Amino acid sequence: MSSKQDAAHPLKVAGVVSFYMGAALVMVFVNKAVLQTAPSLPLLFLLNQLLIAVILLHLGAFATPRIDLPHLDLPTAKKLFPVVSVNIVGLVFNTLCLRDVEASFFQIARGLQLPLTIAVSSFVAKKAPSKLVIFSASIVTFGFLLGVSPSLGRQAVSDQDTPTADIARDPHKPSLLSLFYGFLSSLFIAVHAVLIKSSLPHCNNSTIQLAYWTNLGSAVLILPFVLLGGEAWHITTEIFGDGSSWWASEGFTFFWGSIVTGVFGFLLCVAGLLSIKVTSPVTHMFSSAARSVLQTLLGVWIFHDLLTVNRALSILVILGGTMYYTYVKSLEQGQPPAPATKNNSGNDLEMGVGRKEEGVALFSVPEDEEEGKA
């Protein structure tokens, strides 16, 4: 009996990894298609995703008792306000970054995520990372600089000479503002990954309850900006103005894209949980790396993104540094624990590699948060 289970285990792992990679890829490219078609509605698009995730959580709770939704109360909302607010700010910058850069360049624009997560985790834990961890973060940082330096160099030349002509010759060039969005996205996701651990006790150590609070709270926080920023008025005037024209140009993609990304954002949450539960952190990170390569190739094929030698090398260096970091952390976690295990346990939420501690599943997959949350 056990031999049969062992024989089926690789197939189960392959199925979970494929499910995770498929959901993540659908999220990125449908997000990009919608943001490219309707670039003036990024916050409304994100709000739709959050609300759909909340609706699906309610439907899931109605279908199965395994999904236990929290009771909403003001004291808990105040305690979870930091993680919810950091989450929505990170998602907004993720969305703006994905809107303004190519799908194949998106990983480079957010390449500082691992170094920033290590830095934030070390600052909160008040413990310096090992030399090998610092070395892996340095590799990733070098990969980021390798990818953005040609763009910055060309932009400097264009600013001094003829910017209009330069932009016309190089439409694939990312702007400084889009790179700044990517940096802020990485920073807030790093902070969010650290805040998750301290937030779980307020949700009965339930990741489902925390996900519900996060999606609902994020929707509430972003709603005033959708109304005051003019996006709600814009879509209202388009619908009641010349609705048929707007539906043909933007509305169809925006409407169905919102539904698809909302559903797949929910599935991505489930896929991330299954990937952490069924596979090891190393396997999970390798699947993320493979997904990144596929994302780059599909971006070139679907959106005709520009893949220069610098960009390709940058992506490979970032992936290499990330995988080396995962290897180093797996070795460190395999070593005998230090005497003060209470203080040392559970502090590793860098890169969101979840692990079970005292029966509590900790999870957060920062590299996937730009694609939707549930």
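Residues numbered from 1 in each chain as written. Predicted model: local features only at pLDDT ≥ 70, side-chain atom pairs only at ≥ 80, totals over all residues. Heavy atoms only, no water.

The name an unreviewed UniProt entry gives the protein chain is GDP-mannose transporter, with Gloeophyllum trabeum as the organism. Within the UniProt record for the protein chain, the comment given under Sequence similarities (unreviewed entry) is "Belongs to the TPT transporter family. SLC35D subfamily." For the protein chain, the Function (unreviewed entry) comment in UniProt is given as "Involved in the import of GDP-mannose from the cytoplasm into the Golgi lumen." (UniProt positions renumbered as here; feature names shortened; annotations may be inferred.)

Trainee: Let's hear about the overall build of the protein chain: which residues, and what values?
Mentor: A tally of regular secondary structure across the protein chain gives 14 helices and two strands. For the protein chain, with 374 residues in total, the buried portion stands at 49%. Residue pairs in contact within the protein chain that sit at least 24 positions apart in sequence constitute 83% of those at least 6 positions apart. Working note: accessible area of the protein chain is about 17,900 Å², and carbon and sulfur atoms make up 70% of it. (Helix = DSSP H or I, 4+ residues; strand = E, 2+ residues; numbered from the N terminus. Buried < 20%, exposed > 50% of the residue type's maximum accessible area, 1.4 Å probe, protein only. Contact = heavy atoms within 4.5 Å. Areas by Shrake-Rupley, 256 points an atom, 1.4 Å probe, with all protein chains shown as cover.)

Trainee: Please give an account of the side chain of serine 185 that cites residues and values.
Mentor: Relative to the helices and strands, serine 185 is located in helix H8 (residues 176-199). The exposure class assigned to serine 185 is buried, which follows from its relative accessible area of 0%. What serine 185 contacts, discounting residues up to four positions off in sequence, is Gly90, Phe93, Asn94 and Arg110.

Trainee: How would you sum up the UniProt feature "transmembrane region" (unreviewed entry) in the protein chain? Please name residues and give values.
Mentor: Mapped onto the present numbering, the UniProt feature "transmembrane region" (unreviewed entry) falls on residues 12-30, 42-60, 80-98, 132-152, 179-198, 210-233 and 253-274. Structurally, residues 80-98 is divided into 100% helix and 0% strand, and its ends, taken at the C-alpha atoms, are 27 Å apart. Overall, residues 179-198 shows 100% helix and 0% strand. The separation of its end C-alpha atoms is 30 Å.

Trainee: Can you lay out the packing of helix H3 (residues 74-100) against helix H9 (residues 207-228) for me, pointing to particular residues and giving the numbers?
Mentor: Where H3 contacts H9, the axes come no closer than 8 Å and their chain directions differ by 70°. Considering the angle they form, H3 stands roughly perpendicular to H9. As for the relative orientation of H3 and H9, their crossing is right-handed in sense. Judged by residue contacts, Thr76, Ala77, Leu80, Phe81, Val83, Val84, Ser85, Asn87, Ile88 and Val92 of H3 engage Leu210, Trp213, Thr214, Gly217, Ser218, Leu221 and Ile222 from H9. Of the residues contributing to the contact of H3 with H9, the split by class is 11 nonpolar, six polar and no charged. (Axes fitted to C-alpha atoms, helices over the stretch in contact; angles between N-to-C directions. Parallel < 35°, antiparallel > 145°, perpendicular 65-115°, else oblique. Left-handed = near helix turned anticlockwise from the far one by under 90°. Nonpolar A, V, L, I, M, F, W, Y, C, P; charged D, E, K, R; others polar.)

Trainee: I'd love a proper account of the nonpolar core, names of residues and values included.
Mentor: Formed by 40 residues in total, the largest nonpolar core has its most connected members in Ile222 and Phe254. It is H3 that provides the largest number of residues to this core, a total of seven residues. The residues contacting phenylalanine 254, other than those within four sequence positions of it, are Val34, Ala38, Leu41, Leu44, Phe45, Asn48 and Ile235. (Core = buried A, V, L, I, M, F, W, Y, C linked by side-chain atoms within 4.5 Å.)

Trainee: I'd like a rundown of the packing of aromatic side chains, residues and numbers included.
Mentor: For any two aromatic rings, the description comes down to two numbers: the centre-to-centre distance and the angle of the planes. Across all of its chains, the model carries five aromatic pairs by this definition. Ring centres 6.1 Å apart and planes at 25° place the aromatic pair phenylalanine 93 and phenylalanine 188 in the stacked group. Taken together, the residues phenylalanine 93 in helix H3 and phenylalanine 188 in helix H8 connect sequence positions 95 residues apart. Overall, the relative accessible area of 18% leaves phenylalanine 93 in the buried class. Between phenylalanine 135 and tyrosine 324 the ring centres are 5.9 Å apart and the planes differ by 90°, which places this aromatic pair in the edge-to-face class. Pair noted here: phenylalanine 135 is in helix H6 (residues 131-160) and tyrosine 324 is in helix H13 (residues 309-334), with a separation of 189 residues, a long-range link. Phenylalanine 135 gets classed as partly exposed once you look at its relative accessible area, which sits at 47%. (Phe/Tyr/Trp six-rings, centres within 6.5 Å; stacked < 30°, edge-to-face > 60°.)

Trainee: How would you sum up a nonpolar patch on the surface? Please name residues and give values.
Mentor: A surface patch of nonpolar side chains, amounting to about 430 Å² of accessible area, comprises Trp247, Phe252, Phe255 and Trp256. Turning to its location among the elements, phenylalanine 255 is positioned in helix H11 (residues 243-278). (Patch = residues over 30% accessible without salt bridge, like charges linked within 9 Å, V, L, I, M, F, W, Y side chains within 5 Å. Salt bridge = Lys/Arg side-chain N within 4 Å of Asp/Glu carboxyl O.)

Trainee: Give me the pattern of salt bridges: which residues, what numbers.
Mentor: For the structure shown, the criterion picks out two salt bridges. Across the pair aspartate 100 and arginine 99 runs a salt bridge whose closest N-O atoms are separated by 2.9 Å. Under the relative-accessibility criterion, aspartate 100 is labelled partly exposed at 31%. Classification of arginine 99 by relative accessible area gives partly exposed; the value is 23%. Residues arginine 311 and glutamate 102 are paired through a salt bridge, measuring 2.4 Å at the closest nitrogen-oxygen approach. On the criterion of sequence distance, the pair formed by arginine 311 in helix H13 and glutamate 102 in the loop between H3 and helix H4 (106-109) is long-range, its members being 209 residues apart.

Trainee: Hey, could you go over unusual backbone geometry for me, with residue numbers and the actual values?
Mentor: The phi angle at lysine 126 is positive, at roughly 55°, despite the residue not being glycine. Here lysine 126 is to be found in the loop between helix H5 (113-125) and H6. A positive phi is found at asparagine 205, a non-glycine position, where the angle reads about 55°.

Trainee: Residues and numbers for the packing of H3 against H8, please.
Mentor: Relative orientation of the contacting elements H3 and H8 amounts to 155°, with a least axis distance of 8 Å. With respect to their mutual orientation, H3 and H8 come out roughly antiparallel. Considering how the two elements wind past one another, H3 and H8 form a crossing that is left-handed. Contact residues: H3 offers Leu80, Pro82, Val83, Val86, Asn87, Val89, Gly90, Phe93, Asn94, Leu96, Cys97 and Asp100, while H8 offers Ser178, Tyr181, Gly182, Leu184, Ser185, Phe188, Ile189, Val191, His192, Leu195, Ile196 and Ser199. Residues belonging to the contact of H3 with H8 are distributed by class as follows: 15 nonpolar, eight polar and one charged.

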